[in-house]
Every structure is written in C-alpha cells, then in structure tokens.
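So the chains spell out like this:
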Amino acid sequence: MITIELRYLDILKSELEDTYKKSHPESALKITEWRQQEIIRFQKLMQDVVKGRISEKWFYTHIKPEKNTKMPRIDTLNLLAEFLGYENWEDFKIKKGLLYDEKP
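Reading the values: the criteria
Residues numbered from 1 in each chain as written. Predicted model: local features only at pLDDT ≥ 70, side-chain atom pairs only at ≥ 80, totals over all residues. Heavy atoms only, no water. Helix = DSSP H or I, 4+ residues; strand = E, 2+ residues; numbered from the N terminus. Rg over C-alpha atoms; globule rule 2.2 N^0.38 Å. Buried < 20%, exposed > 50% of the residue type's maximum accessible area, 1.4 Å probe, protein only. Contact = heavy atoms within 4.5 Å. Polar contact = N/O pair within 3.5 Å; in protein donor to acceptor, adjacent residues only side chain to side chain. Core = buried A, V, L, I, M, F, W, Y, C linked by side-chain atoms within 4.5 Å. Salt bridge = Lys/Arg side-chain N within 4 Å of Asp/Glu carboxyl O.

### Considerations on the overall build of the protein
Within the protein, the regular secondary structure consists of five helices and zero strands. In sequence order, the secondary structure elements of the protein are arranged as α-α-α-α-α. The C-alpha radius of gyration computed for the protein amounts to 13 Å, which stays within 12% of the reference 13 Å derived for 104 residues, consistent with globular compactness. Along the longest, intermediate and shortest principal axes, the C-alpha atoms of the protein span 40 × 25 × 25 Å. A buried classification covers 45% of the 104 residues belonging to the protein. A fraction of 59% describes how many contacts in the protein between residues 6 or more apart in sequence connect residues 24 or more apart.

### Focus on the environment of Pro-65
Along the polypeptide, Pro-65 turns up in the loop between α3 (56–62) and α4 (74–83). Through-space distance from the C-alpha of Pro-65 to that of Ile-31 is 9.5 Å; in sequence the pair is 34 residues apart. Among residues more than four places away in sequence, those in contact with Pro-65 are Lys-13, Thr-32 and Tyr-60.

### Notes on the environment of Lys-51
Residue position: Lys-51 is located in the loop between α2 (36–50) and α3. Among the residues examined, Lys-51 registers a relative accessible area of 63% and is labelled exposed. Here the alpha-carbon distance between Lys-51 and Glu-38, two residues 13 residues apart in the chain, equals 18 Å. A polar atom in the side chain of Lys-51 sits 3.2 Å from the backbone oxygen of Asp-48.

### Quick word on the nonpolar core
Grouped together as the largest cluster of nonpolar side chains are 29 residues, with contacts concentrated most on Leu-12, Leu-16 and Phe-42. Among the secondary structure elements, those contributing two or more residues to this core are α1 (2–23), α2, α3, α4 and α5 (89–96). In terms of residues, this core owes the most to one element, α1, which gives seven residues. Beyond its immediate stretch of four places on either side in the chain, Phe-42 contacts Leu-16, Tyr-20, Trp-34, Ile-54, Phe-59, Leu-80 and Phe-83.

### A closer look at the pattern of salt bridges
All told, the structure shown has 10 salt bridges when counted by the stated rule. Between Glu-5 and Lys-93 there is a salt bridge, with its nearest N and O atoms 2.7 Å apart. Of this pair, Glu-5 sits in helix α1 while Lys-93 sits in helix α5, placing them 88 residues apart in sequence. Side by side, Glu-5 and Lys-93 carry an identical accessibility label, which is buried. Here the residues in one salt-bridge network are Glu-5, Glu-90 and Lys-93, joined through shared partners.

Dropping the structure here:
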C-alpha cells in the first residue's frame, strides 16, 4: 500500500510545482531542484492561500528527494492538498483516480 501512496505523493509534488509556477513563471527549476529562495516564495504562497505553511526542513525531507521512501504526516498532506484546491489528501487521491490495488 505504501508504494501506491508514494505514487500519489509524486503526483502531489508535480501539482505543487505547476501551481507555484503559475504564480512564479520565472522559475524554471523542477520542485526537487528548488533552492532556498523558491522554497521561501512557496511558503509565502501557501500562507496566502491556506493560512498554513511547511518548514524548510520539511521541504528538504519530503519534497526535494527524487524518490521518497516514507510518507509525510497526514495533516501536512491535507494542508498541501487544500492548497491545490482539494478538500483534503483523501479527496486528492480520489480525484487522481489511481486504484488502491494497482501494482507499482
């Protein structure tokens, strides 16, 4: 089950990058390549949209890796999904349509 969750996390990261680039089209880097300035701008954007933020340390732990091996906490996933316009993490997964019993 965790491998499917990690696939959802990859999709989430991609959508976070796309959403950020709508507000900051000058950013040409992939989300995994963002430097401190992009992370700070992303934190500000999140604060403006959902009145919440993620720490820079959290970003380096969960967003910067090309491949994650563990899932972040659900409360943070809920916040990020809300930032993207979904109700929560579960709503995000339902709308992405991956099947729970798919093989990775």
